[in-house]
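Analysis of the macromolecular model
If you want the building blocks of each chain, they are given just below.
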Amino acid sequence: MKKTFKFIGAAVLGVAVLFGANSCKTNTTKPTADITSAEETRTANAGSIVYIDITRVLSEYQMAIDLSAEVQAKIEGLNKTLEANTKKAEAEIKRKQNNLQSKVNDFQDKVNKGHLTETAAQVKYQELQKLETEYNEFLGKKDQEIAQEQLTLQNTYNEEMFVMNNIVNDAINAFIQNYNAEKGYAMILISQGDVPEDGATTLGTPVLTADPSLDITADVIARLNAEYNASKE
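Residues numbered from 1 in each chain as written. Predicted model: local features only at pLDDT ≥ 70, side-chain atom pairs only at ≥ 80, totals over all residues. Heavy atoms only, no water.

**Let's talk about the overall build of the chain**
Condition: A run of DSSP states H or I qualifies as a helix once it reaches four residues; a run of E qualifies as a strand once it reaches two. Both are numbered from the N-terminal end. In this scheme, a residue with accessible area under 20% of its type's maximum is buried, one over 50% is exposed, and one in between is partly exposed, where area comes from a 1.4 Å probe on protein chains only. Where accessible areas are quoted, they stem from the Shrake-Rupley method and a 1.4 Å probe; at the residue level, only the protein chains shown are allowed to cover.
Counting its secondary structure elements, the chain contains 6 helices and 4 strands. Ordering the α and β elements of the chain from the N terminus gives α-α-β-α-α-α-β-β-β-α. Across the 233 residues of the chain, 34% fall into the buried class. With an accessible surface of roughly 14,000 Å², the chain has 51% of that area assigned to carbon and sulfur atoms.

In C-alpha coordinates form, the structure reads like this:
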(Lines give C-alpha, C1' and ligand atoms only; values in the text may rest on other atoms or scores of the structure.)
Protein backbone atom coordinates (compact mmCIF):
# COMPACT_ATOMS: atom_id res chain seq x y z
CA MET A 1 0.00 0.00 0.00
CA LYS A 2 1.30 3.41 -0.86
CA LYS A 3 1.96 5.33 2.35
CA THR A 4 -0.22 8.34 1.75
CA PHE A 5 -2.18 8.32 5.00
CA LYS A 6 -0.88 11.19 7.06
CA PHE A 7 -2.35 12.93 10.05
CA ILE A 8 -2.58 16.58 10.83
CA GLY A 9 0.14 16.83 13.46
CA ALA A 10 0.45 18.77 16.66
CA ALA A 11 1.96 21.70 14.79
CA VAL A 12 -1.37 22.21 12.99
CA LEU A 13 -3.20 22.15 16.32
CA GLY A 14 -0.87 24.80 17.77
CA VAL A 15 -3.26 27.74 17.58
CA ALA A 16 -1.81 31.19 16.85
CA VAL A 17 -3.37 34.66 16.74
CA LEU A 18 -1.84 37.36 14.56
CA PHE A 19 -2.04 41.11 15.14
CA GLY A 20 0.78 42.98 13.48
CA ALA A 21 3.00 40.05 14.50
CA ASN A 22 3.96 36.63 13.23
CA SER A 23 2.56 34.41 15.95
CA CYS A 24 1.15 34.13 19.44
CA LYS A 25 2.29 31.71 22.13
CA THR A 26 -0.25 31.10 24.88
CA ASN A 27 1.64 31.87 28.06
CA THR A 28 0.42 31.01 31.51
CA THR A 29 3.60 31.83 33.42
CA LYS A 30 2.72 35.47 33.89
CA PRO A 31 -1.10 35.93 34.09
CA THR A 32 -2.71 39.32 34.30
CA ALA A 33 -3.53 38.77 37.96
CA ASP A 34 0.19 38.64 38.74
CA ILE A 35 1.07 42.02 37.21
CA THR A 36 3.61 43.61 39.50
CA SER A 37 2.83 46.76 41.41
CA ALA A 38 5.55 48.53 39.42
CA GLU A 39 3.73 47.75 36.20
CA GLU A 40 0.40 48.79 37.67
CA THR A 41 1.74 52.20 38.68
CA ARG A 42 3.54 52.99 35.44
CA THR A 43 1.96 55.94 33.73
CA ALA A 44 2.89 57.84 30.64
CA ASN A 45 1.91 61.43 30.15
CA ALA A 46 -0.55 62.53 27.50
CA GLY A 47 1.28 63.28 24.29
CA SER A 48 3.86 60.55 24.92
CA ILE A 49 4.83 57.90 22.41
CA VAL A 50 4.05 54.63 24.18
CA TYR A 51 4.25 50.99 23.19
CA ILE A 52 2.53 47.65 23.68
CA ASP A 53 4.12 44.20 23.65
CA ILE A 54 1.51 42.57 21.42
CA THR A 55 2.89 39.07 21.99
CA ARG A 56 2.18 39.40 25.68
CA VAL A 57 -1.23 40.97 25.05
CA LEU A 58 -2.27 38.07 22.85
CA SER A 59 -0.96 35.48 25.28
CA GLU A 60 -2.83 37.00 28.24
CA TYR A 61 -5.97 38.41 26.61
CA GLN A 62 -8.73 36.09 27.78
CA MET A 63 -10.74 36.44 24.58
CA ALA A 64 -7.79 35.17 22.54
CA ILE A 65 -7.24 32.34 25.03
CA ASP A 66 -10.90 31.29 24.95
CA LEU A 67 -11.24 31.43 21.17
CA SER A 68 -7.96 29.57 20.75
CA ALA A 69 -9.25 26.78 22.99
CA GLU A 70 -12.48 26.56 20.99
CA VAL A 71 -10.63 26.28 17.68
CA GLN A 72 -8.24 23.70 19.07
CA ALA A 73 -11.09 21.57 20.43
CA LYS A 74 -12.86 21.65 17.06
CA ILE A 75 -9.71 20.73 15.13
CA GLU A 76 -8.85 17.95 17.57
CA GLY A 77 -12.35 16.51 17.08
CA LEU A 78 -11.95 16.55 13.31
CA ASN A 79 -8.51 15.04 13.60
CA LYS A 80 -9.84 12.15 15.68
CA THR A 81 -12.44 11.50 12.99
CA LEU A 82 -9.69 11.51 10.37
CA GLU A 83 -7.62 9.07 12.39
CA ALA A 84 -10.62 6.75 12.86
CA ASN A 85 -11.46 6.83 9.15
CA THR A 86 -7.83 6.19 8.26
CA LYS A 87 -7.64 3.15 10.53
CA LYS A 88 -10.89 1.85 9.07
CA ALA A 89 -9.59 2.29 5.53
CA GLU A 90 -6.32 0.57 6.39
CA ALA A 91 -8.23 -2.37 7.91
CA GLU A 92 -10.39 -2.70 4.76
CA ILE A 93 -7.31 -2.55 2.54
CA LYS A 94 -5.51 -5.14 4.63
CA ARG A 95 -8.52 -7.46 4.50
CA LYS A 96 -8.77 -7.21 0.72
CA GLN A 97 -5.03 -7.60 0.35
CA ASN A 98 -5.01 -10.76 2.48
CA ASN A 99 -7.97 -12.17 0.56
CA LEU A 100 -6.27 -11.54 -2.78
CA GLN A 101 -2.98 -13.00 -1.58
CA SER A 102 -4.77 -16.10 -0.30
CA LYS A 103 -6.40 -16.66 -3.69
CA VAL A 104 -3.08 -16.15 -5.47
CA ASN A 105 -1.34 -18.62 -3.17
CA ASP A 106 -4.08 -21.20 -3.65
CA PHE A 107 -3.91 -20.80 -7.43
CA GLN A 108 -0.13 -21.14 -7.45
CA ASP A 109 -0.30 -24.24 -5.26
CA LYS A 110 -2.81 -25.94 -7.58
CA VAL A 111 -0.76 -25.07 -10.66
CA ASN A 112 2.40 -26.44 -9.05
CA LYS A 113 0.63 -29.67 -8.14
CA GLY A 114 -0.95 -30.00 -11.57
CA HIS A 115 -4.48 -29.83 -10.17
CA LEU A 116 -5.71 -27.50 -12.94
CA THR A 117 -5.93 -27.98 -16.66
CA GLU A 118 -4.23 -25.37 -18.80
CA THR A 119 -7.61 -23.94 -19.80
CA ALA A 120 -8.84 -23.81 -16.19
CA ALA A 121 -5.58 -22.28 -15.08
CA GLN A 122 -5.87 -19.57 -17.73
CA VAL A 123 -9.43 -18.75 -16.65
CA LYS A 124 -8.42 -18.62 -12.99
CA TYR A 125 -5.43 -16.42 -13.80
CA GLN A 126 -7.65 -13.91 -15.59
CA GLU A 127 -10.00 -13.88 -12.60
CA LEU A 128 -7.09 -13.10 -10.30
CA GLN A 129 -5.93 -10.29 -12.59
CA LYS A 130 -9.39 -8.78 -12.38
CA LEU A 131 -9.36 -9.04 -8.58
CA GLU A 132 -5.94 -7.37 -8.51
CA THR A 133 -7.21 -4.51 -10.68
CA GLU A 134 -10.21 -4.07 -8.38
CA TYR A 135 -7.93 -4.07 -5.35
CA ASN A 136 -5.68 -1.38 -6.82
CA GLU A 137 -8.72 0.74 -7.70
CA PHE A 138 -10.02 0.35 -4.16
CA LEU A 139 -6.61 1.33 -2.77
CA GLY A 140 -6.52 4.45 -4.95
CA LYS A 141 -10.05 5.38 -3.93
CA LYS A 142 -9.23 5.13 -0.22
CA ASP A 143 -6.05 7.15 -0.70
CA GLN A 144 -8.09 9.90 -2.36
CA GLU A 145 -10.76 9.85 0.35
CA ILE A 146 -8.23 10.26 3.14
CA ALA A 147 -6.33 12.93 1.21
CA GLN A 148 -9.60 14.85 0.77
CA GLU A 149 -10.35 14.59 4.49
CA GLN A 150 -6.87 15.92 5.25
CA LEU A 151 -7.44 18.84 2.90
CA THR A 152 -10.83 19.55 4.46
CA LEU A 153 -9.29 19.53 7.93
CA GLN A 154 -6.50 21.88 6.88
CA ASN A 155 -8.98 24.24 5.19
CA THR A 156 -11.22 24.20 8.25
CA TYR A 157 -8.25 25.06 10.45
CA ASN A 158 -7.25 27.96 8.17
CA GLU A 159 -10.80 29.30 8.06
CA GLU A 160 -11.27 29.05 11.83
CA MET A 161 -7.95 30.78 12.39
CA PHE A 162 -8.85 33.55 9.95
CA VAL A 163 -12.15 34.24 11.73
CA MET A 164 -10.55 34.05 15.18
CA ASN A 165 -7.79 36.46 14.16
CA ASN A 166 -10.33 38.93 12.82
CA ILE A 167 -12.43 38.79 15.98
CA VAL A 168 -9.47 39.31 18.28
CA ASN A 169 -7.82 41.94 16.09
CA ASP A 170 -11.04 43.95 15.76
CA ALA A 171 -11.63 43.80 19.52
CA ILE A 172 -8.11 45.03 20.26
CA ASN A 173 -8.29 47.75 17.59
CA ALA A 174 -11.61 49.04 18.91
CA PHE A 175 -10.28 49.02 22.45
CA ILE A 176 -7.08 50.86 21.52
CA GLN A 177 -9.03 53.59 19.74
CA ASN A 178 -11.19 54.22 22.82
CA TYR A 179 -8.22 53.80 25.14
CA ASN A 180 -6.18 56.43 23.38
CA ALA A 181 -9.12 58.79 23.16
CA GLU A 182 -9.02 58.70 26.96
CA LYS A 183 -5.24 58.77 27.39
CA GLY A 184 -4.33 61.19 24.62
CA TYR A 185 -1.02 59.60 23.62
CA ALA A 186 0.74 61.00 20.59
CA MET A 187 1.40 57.51 19.24
CA ILE A 188 0.96 53.89 20.34
CA LEU A 189 3.51 51.49 18.90
CA ILE A 190 3.05 47.75 18.72
CA SER A 191 6.18 45.73 19.42
CA GLN A 192 6.53 41.98 19.17
CA GLY A 193 8.31 40.35 22.08
CA ASP A 194 8.95 36.89 23.42
CA VAL A 195 8.33 35.46 26.86
CA PRO A 196 11.27 33.21 27.77
CA GLU A 197 11.40 30.87 30.75
CA ASP A 198 13.16 33.37 33.02
CA GLY A 199 10.25 35.77 32.74
CA ALA A 200 12.25 38.48 31.00
CA THR A 201 10.71 40.01 27.92
CA THR A 202 12.84 40.79 24.88
CA LEU A 203 11.16 43.21 22.54
CA GLY A 204 11.54 43.15 18.79
CA THR A 205 11.04 45.86 16.22
CA PRO A 206 10.01 48.61 16.20
CA VAL A 207 10.75 49.03 19.93
CA LEU A 208 14.20 47.71 20.83
CA THR A 209 14.58 49.64 24.08
CA ALA A 210 12.56 52.30 25.86
CA ASP A 211 11.77 53.89 29.19
CA PRO A 212 9.66 51.32 31.11
CA SER A 213 7.14 54.03 31.92
CA LEU A 214 6.20 54.07 28.23
CA ASP A 215 5.23 50.38 28.30
CA ILE A 216 1.43 50.35 28.64
CA THR A 217 1.10 46.58 28.07
CA ALA A 218 0.04 45.69 31.61
CA ASP A 219 -2.68 48.33 31.72
CA VAL A 220 -3.97 47.36 28.27
CA ILE A 221 -4.18 43.67 29.25
CA ALA A 222 -5.93 44.42 32.52
CA ARG A 223 -8.51 46.65 30.89
CA LEU A 224 -9.02 44.40 27.89
CA ASN A 225 -9.77 41.49 30.19
CA ALA A 226 -12.03 43.58 32.41
CA GLU A 227 -13.99 44.68 29.35
CA TYR A 228 -14.18 41.11 28.00
CA ASN A 229 -15.23 39.59 31.31
CA ALA A 230 -17.90 42.25 31.77
CA SER A 231 -19.30 41.43 28.32
CA LYS A 232 -19.84 37.81 29.39
CA GLU A 233 -21.86 38.71 32.47
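**Considering the pattern of salt bridges**
The condition is simple: Only one rule defines a salt bridge in this text: a Lys or Arg side-chain nitrogen within 4 Å of an Asp or Glu carboxyl oxygen.
If you walk through the whole model with that rule in mind, you get 9 salt bridges. As a salt-bridge pair, Asp66 and Lys232 come within 3.7 Å of each other at their nearest N and O atoms. Here the residue Asp66 occupies a position in helix H4 (residues 62-112), and Lys232 occupies one in the segment after helix H6 (217-231), the gap between them amounting to 166 residues. Ionic contacts of the salt-bridge type, sharing partners, join the residues Glu92, Lys142 and Glu145 into one network.

**As for the pairing of strand S1 (residues 49-53)**
Which entries qualify depends on this criterion: Two strands form a pair only when DSSP identifies at least two bridges running between them.
S1 sits mainly inside the fold: 4 of its 5 residues count as buried. With 5 bridges joining them, S1 and strand S2 (residues 187-191) adopt parallel strand pairing. Bridge pairing in S2 links Asp53 to Ser191.

**Structural notes on the environment of Gln154**
On the secondary structure map, Gln154 appears in helix H5 (residues 118-183). Put simply, Gln154 and Ile75 are 79 residues apart on the chain and 8.9 Å apart in space, counted from C-alpha to C-alpha.

**Focus on a nonpolar patch on the surface**
The criterion, for reference: Patch definition: residues with relative accessible area over 30% and no salt bridge; like charges joined within 9 Å; nonpolar side chains (Val, Leu, Ile, Met, Phe, Trp, Tyr) joined within 5 Å.
On the surface, Phe162, Val163 and Ile167 cluster together into a nonpolar patch covering about 290 Å² of accessible area. Note that Val163 resides in helix H5.

**With respect to the packing of aromatic side chains**
Note the threshold: Ring pairs shown here join Phe, Tyr and Trp side chains whose ring centres sit within 6.5 Å, with only the six-membered ring taken for Trp; geometry is labelled stacked below 30 degrees between planes, edge-to-face above 60, and tilted in between. By definition here, charges over rings are those cases where NZ of Lys or CZ of Arg is within 6 Å of the ring centre and within 35 degrees of the ring normal.
Tallied over the entire structure, the rule returns 3 aromatic pairs. Ring pairing ties together the aromatic residues Phe175, Tyr179 and Tyr185, which thus form one cluster. Its end group placed over the ring of Phe138, Lys96 keeps NZ or CZ at 4.9 Å from the ring centre.

**Observations regarding the environment of Ala226**
Here Ala226 is to be found in helix H6. Take Ala226: its relative accessible area is 46%, and that puts it in the partly exposed class. Separated by 164 residues in sequence, Ala226 and Gln62 have C-alpha atoms that sit 9.4 Å apart.

**As for the packing of H4 against H6**
Using the following cut-off: Every axis corresponds to a line fitted to the C-alpha atoms, with the helix fit spanning only the stretch in contact, and the corresponding angles, defined between N-to-C directions, vary from 0 to 180 degrees. The cut-offs work like this: below 35 degrees is roughly parallel, past 145 is roughly antiparallel, 65 to 115 is roughly perpendicular, and the gaps in between are oblique. Two residues form a contact once any of their heavy atoms are found within 4.5 Å. Under the grouping applied here, Gly and all other residues not named as nonpolar or charged are polar, the nonpolar ones being Ala, Val, Leu, Ile, Met, Phe, Trp, Tyr, Cys and Pro and the charged ones Asp, Glu, Lys and Arg.
Contact geometry for H4 and H6: axes closest at 8 Å, N-to-C directions at 60 degrees. Here H4 is positioned oblique relative to H6, judged by the angle of their axes. Here Gln62, Met63 and Asp66 of H4 lie close against H6, whose contacting residues are Asn225, Tyr228 and Asn229. Here the residues of the contact of H4 with H6 sort into 2 nonpolar, 3 polar and 1 charged.

**Let's talk about the packing of H5 against H6**
The packing of two helices is summarised by the inter-axis angle and the distance between the axes. Where we set the bar: Crossing handedness is read from the near helix: turned anticlockwise from the far helix by less than a right angle, it gives a left-handed crossing, and turned clockwise, a right-handed one.
Contact geometry of H5 with H6 gives a least axis separation of 11 Å together with a crossing angle of 115 degrees. H6 is crossed by H5, and the crossing has right-handed handedness. Touching Ile172, Phe175, Ile176, Tyr179, Glu182 and Lys183 of H5 are Asp219, Val220, Arg223, Leu224 and Glu227, all from H6. Partitioning the contact of H5 with H6 into residue classes produces 6 nonpolar, no polar and 5 charged.

**Quick notes on the nonpolar core**
Quick reminder of the rule: Only buried Ala, Val, Leu, Ile, Met, Phe, Trp, Tyr and Cys residues count toward a nonpolar core, and they belong to the same one when joined by side-chain atoms within 4.5 Å.
Among the nonpolar cores identified, the biggest contains 31 residues, and Val57, Tyr61, Val168, Ile172, Ile188, Ile216 and Val220 are the most heavily contacted of them. In terms of residue count, the dominant contributor to this core is H5 (11 residues). One finds Leu100, Tyr135, Phe138 and Leu139 within the second-largest nonpolar core, a separate group that totals 5 residues.

**A closer look at H5**
Inclusion rule: Helices are assigned an expected span. That span is 1.5 Å times one less than the residue count.
Between its first and last C-alpha, H5 extends 96 Å over 66 residues, near the 98 Å set by a 1.5 Å rise per residue. Positive backbone phi, approximately 70 degrees, marks Gly184, located one or two places after H5.

**Section: the confidence of the model for the chain**
Basically, it comes down to this: Summary of the metric used: pLDDT quantifies the predictor's per-residue confidence within the range 0 to 100.
Looking at the chain as a whole, its pLDDT mean stands at 81, while 76% of the residues score no less than 70. In the model, residues 1-41 has pLDDT below 50 throughout and makes 86 contacts with residues more than four positions away in sequence or in other chains.

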